[in-house]
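These are the residues of each chain, in order.
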2 protein chains.
Amino acid sequence: MKTNRKNKVIIVDDHLLFSQSLKFLINSFSDFEVTHNFGNGKEFIQFLQEEENLDIEVDLILLDVNMPILDGLSTMVWLKENRPDYKVIALSVNNEEDIIIQMIKNGAKGYLLKDTTPQIFYDALKTVIEKGYFFTEMVSGILVNRIDNEDKKLEFKEKELDFIKRACSEKTYKEIADEMCLSPKTIDGYRESIFAKLEIKTRIGLVLYAIKNKIVCV
Amino acid sequence: MKTNRKNKVIIVDDHLLFSQSLKFLINSFSDFEVTHNFGNGKEFIQFLQEEENLDIEVDLILLDVNMPILDGLSTMVWLKENRPDYKVIALSVNNEEDIIIQMIKNGAKGYLLKDTTPQIFYDALKTVIEKGYFFTEMVSGILVNRIDNEDKKLEFKEKELDFIKRACSEKTYKEIADEMCLSPKTIDGYRESIFAKLEIKTRIGLVLYAIKNKIVCV
DNA sequence: ATGAAAAAGGGGAAAATTCCCCTTGCTATA
DNA sequence: TATAGCAAGGGGAATTTTCCCCTTTTTCAT
């Protein structure tokens, strides 16, 4: 009996076509089976919270990063708090450093891109079950790189962030100052210190930075 | 024999995990089978061009829109020119109007989002084979909407686009003028006419528009 | 309690942006 | 062939942005 037990996998991904297909792929592995599919983090958490599912068997969770309603990161945060033993592999299409770091910080045991081959994917499942973690070279590289740059990271205060967001509009600094109930000169001070930090020279540069770093969304 | 013949499907998608999984799903349909997988448009076209593949059986192509090397739209353009009889269903994660319109203009018989259910997906395959096309309400809505707004659409000339791209940087207009070998005054003319068209008042507005409409990428 | 940052604000000026109105030369077309 | 349209370019001025150096007030850790 024991030797024949399959590892129970839960998929959380809003792309139904993907998750339903992935289920076939995983079920084709002799030692894994998909037991549940959820379309976003909220559905998944609600399921976990139901009385009758409190001691459900879960060997592995495949968690998509980009989802509506409740995304991968928020779900990961909840899991870290409430189900710290669950093993999670994060799935994503893009390798955005910050997200990868955040997911791992919150306990993800692996991070796979969706262009992974089925072979590597299988290795990842297997390795996470057996060793507890699986990281590709890409992810390891990012982790190492992050340690180097840890101190160099830029932080903004609330007011600065507020200013940056407002600067990403057609408003003049004077209008922004009025909105924030500050003197235009104070705003000019914010601007100048932010320009220095970011090594930029124009408001255009600020807008580009803000969008690139998702301080504002387009 | 004839009654047992399965429709031959080719998948072109760079997300290996997705395409390999999708293969399982499609093969689970009694009347479809996946014969080939390609990771981008170039691989696919090269395959089609090989001598021995000239009269290969292809009943349906599932073409991802976002791919590296050669994307879905470029591949569609090639197919329209060289294999106009092939039936293509475009696959994408996002419902960007412009891309949908372009794909359909170039002969796509269907446009599906990746969060489609397997049931609808199967219907789509079946319907495209039988009726020649399949469009969800979402796509139909966009098509109808597009007919309304056909005339309202904004067009830019090459030089204007070039200017807009350069304006999305920390360069001054004078520097842009130099780069484009035009007088600063001419650039100012471009700027003013574009501002009027877009109903904006500042260069910030232009940058936001350009990013939103993917004239430049972040 | 006090000295050192940090936040808020200011003067003044150069540079860049925005705006309006104008000239010239080319070309498409009725 | 006349003319309307458009691309290229210019004059000039009001605003806005950017920069540098300065003062006052608040906060905060020792």
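Looking at an unreviewed UniProt entry, chain A carries the name Response regulator transcription factor, with the source organism given as Flavobacterium microcysteis.

**Regarding the overall build of chain A**
In terms of helices and strands, chain A carries ten helices and five strands. Its C-alpha atoms give chain A a radius of gyration of 22 Å, more than 25% over the compact-globule value 17 Å for 218 residues. Projecting the C-alpha coordinates of chain A onto the three principal axes gives extents of approximately 75 × 40 × 30 Å. For chain A, buried positions account for 46% of its 218 residues. At a minimum sequence separation of 6, the contacts of chain A that also span at least 24 residues come to 67%. Summed over its atoms, the accessible surface of chain A is roughly 11500 Å², and 51% of this surface lies on carbon and sulfur atoms.

**Remarks on empty space enclosed by the protein**
The tally for this structure, following the rule as stated, stands at one cavity of 30 Å³ or more. Here the largest cavity is characterised by a volume of approximately 50 Å³. Each residue belonging to the lining of the largest cavity can be placed in one class, and the counts come to four nonpolar, two polar and two charged.

**Section: the interface of chain A and chain B**
Each partner contributes to the interface: chain A provides 34 residues, whereas chain B provides 34 residues. Summing the contributions of chain A and of chain B, the shared interface buries around 3000 Å²; its carbon and sulfur component is 76%. Here chain A and chain B share zero salt bridges between them. Applying the counting criterion to the chain A and chain B interface returns ten residue pairs in polar contact (both at pLDDT 80 or more). Broken down by secondary-structure element, the contributors of at least two residues to the side of chain A that touches chain B are α1 (16-27), α5 (118-131) and α10 (203-212) of chain A. Ranked by residue count, the leading element in the side of chain A that touches chain B is α1 of chain A, at eight residues. In terms of residue class, the side of chain A that touches chain B is made up of 18 nonpolar, nine polar and seven charged.

**What about the relation of the copies chain A and chain B?**
Mapping between the two copies of the chain is achieved by a rotation about an axis and a shift along the axis. Least-squares fitting of chain A to chain B yields an RMSD of 0.8 Å, with the superposition described by an axial translation of 0.2 Å and a rotation of 180°. Such a combination of rotation and displacement between the chain copies is what one expects of a two-fold axis. Among all C-alpha atoms of chain A, that of serine 21 of chain A lies closest to the rotation axis, at 2.3 Å. In this assembly, 100% of the residues forming the interface of chain A have copies in chain B that are likewise at the interface, indicating an isologous arrangement.

**Considerations on the protein's contact with DNA strand D**
The environment of DNA strand D is formed by 17 residues, the closest being Arg203 of chain A together with Lys157, Ser183, Thr186 and Tyr190 of chain B. Protein-adjacent atoms of DNA strand D, using a 4 Å cutoff, are sugar or phosphate at a proportion of 67%. Between a phosphate oxygen of DNA strand D and a side-chain N or O atom of threonine 186 of chain B, the distance comes to 2.6 Å. Taken together, the elements giving at least two residues each to the surface near DNA strand D come down to α9 (184-198) of chain A together with α9 (184-198) of chain B. In terms of residue count, the dominant contributor to the surface near DNA strand D is α9 of chain A (five residues). Along the lines of polarity and charge, the residues of the surface near DNA strand D split into four nonpolar, four polar and nine charged.

**Comments concerning the sheet that holds strand β5 (residues 110-113) of chain B**
Residue and element names in this part refer to chain B. A sheet is described by the order of its strands in space; here five strands give the open sequence β2-β1-β3-β4-β5, paired in parallel fashion. Single-partner strands in this sheet number two, and they are β2 (32-38) and β5. Each strand of the sheet is rotated relative to its neighbour by a mean of 25°, with strand direction disregarded. As paired strands, strand β1 (residues 7-12) and strand β3 (residues 60-64) are joined by four bridges and run parallel to one another. Bridging from a neighbouring strand, valine 9 pairs with leucine 60 of β3.

**Some thoughts on the protein's contact with DNA strand C**
Taken together, 17 residues form the shell around DNA strand C, and within it Lys185, Thr186 and Tyr190 of chain A together with Tyr173 and Arg203 of chain B come nearest. Put simply, 66% of the atoms of DNA strand C that lie within 4 Å of the protein are in sugar or phosphate. Breaking the surface near DNA strand C down by element, the ones donating at least two residues are α9 of chain A together with α9 of chain B. Here the element with the most residues in the surface near DNA strand C is α9 of chain B; it accounts for five residues. Of the residues assigned to the surface near DNA strand C, the class counts are four nonpolar, four polar and nine charged.

**Examining the pattern of salt bridges**
All names here are of chain A. Applying the stated criterion across every chain yields a total of 28 salt bridges over all chains. Measuring nitrogen to oxygen at the nearest pair gives 2.8 Å for the salt bridge that ties aspartate 188 to arginine 191. Linking aspartate 188 with arginine 191, this pair stays in helix α9, spanning three residues, or about one helical turn. With a relative accessible area of 27%, aspartate 188 lands in the partly exposed category. One continuous salt-bridge network, built from bridges that share partners, spans Asp162, Arg166, Lys171 and Glu179.

**With respect to the domain arrangement of chain A**
Splitting chain A by domain gives domain 1 (2-149) and domain 2 (154-212). Computed over C-alpha atoms only, the centres of domain 1 of chain A and domain 2 of chain A are separated by 38 Å.

**Quick look at the nonpolar core**
Core analysis: the biggest nonpolar cluster contains 46 residues, and Phe163, Ile164 and Leu206 of chain A together with Phe156, Phe163, Ile164 and Leu206 of chain B have the highest contact counts within it. If you list the elements that add at least two residues to this core, you get α7 (158-167), α8 (173-179), α9 and α10 of chain A together with α7 (158-167), α8 (173-179), α9 and α10 (203-212) of chain B. For this core, the element with the highest residue contribution is α10 of chain B, accounting for seven residues. Leave out the neighbours within four places in its chain, and phenylalanine 163 of chain A touches Tyr173, Ile176, Met180, Ile187, Tyr190, Arg191, Ile194 and Leu206 of chain A. Listed in part, the 40 residues of the second largest apolar core include Phe18, Leu25, Ile89 and Leu125 of chain B.

Thresholds applied
Note that residues are indexed from 1 along each chain, following the sequence as it is written. Here chains are named by letter from A upward and ligands by number from 1 upward, in the order in which they appear as written. Since the coordinates come from a predicted model, pLDDT governs what is reported: local features require at least 70, and pairs of side-chain atoms require 80 or more to be given and counted, while whole-chain, interface and lining totals use all residues. Think of the side-chain values as coming from all heavy atoms in the structure, minus any hydrogens and water. Put simply, DSSP H or I for four residues or longer makes a helix, DSSP E for two residues or longer makes a strand, and each gets a number counted from the N terminus. With C-alpha atoms as the basis for the radius of gyration, the globule rule is written as 2.2 Å multiplied by the number of residues raised to the power 0.38. Any residue under 20% of the maximum accessible area for its type is buried, any over 50% is exposed, and the rest in between are partly exposed; the area is computed with a 1.4 Å probe on protein chains only. Whether two residues are in contact is decided by their heavy atoms: any pair within 4.5 Å suffices. For accessible areas, the Shrake-Rupley method is used with a probe of radius 1.4 Å. Any residue's cover is judged against the shown protein chains and nothing else. Definitions used throughout: a 1 Å grid over protein atoms alone; a cavity as a set of points that fits a 1.4 Å probe which cannot get out; a pocket as an open set with protein on both sides within 12 Å along at least five of seven lines; a lining residue as one with an atom within 4 Å of a point. Grid points are joined across faces, edges and corners, and a volume is the space filled by probe spheres set on the points. Side-chain classes are defined by residue name, with Ala, Val, Leu, Ile, Met, Phe, Trp, Tyr, Cys and Pro counting as nonpolar, Asp, Glu, Lys and Arg as charged, and the others, Gly among them, as polar. Two parts placed together each lose some accessible area under a 1.4 Å probe, and the buried area is that loss summed for both. When a carboxyl oxygen of Asp or Glu is within 4 Å of a side-chain nitrogen of Lys or Arg, the pair counts as a salt bridge. The term polar contact refers here to a pair of N or O atoms within 3.5 Å; inside protein, the definition further demands a hydrogen-donor-capable atom paired with an acceptor-capable atom, and it admits residues adjacent in sequence only when both atoms are side-chain atoms. To line up the copies, we fit them by least squares on C-alpha atoms, keeping just the residues with pLDDT of at least 70 in both. One heavy atom within 4 Å of a molecule or strand is enough for the residue carrying it to be called near that molecule or strand. When DSSP finds two or more bridges between a pair of strands, those strands are recorded as paired. Note on definitions: angles span 0 to 180 degrees between N-to-C directions of axes, and those axes are lines fitted to C-alpha atoms, for helices only across the stretch in contact. For the domain bounds, the source is a domain assignment made automatically or taken from a database. In this description, a nonpolar core means a group of buried Ala, Val, Leu, Ile, Met, Phe, Trp, Tyr and Cys residues linked to one another through side-chain atoms lying within 4.5 Å.

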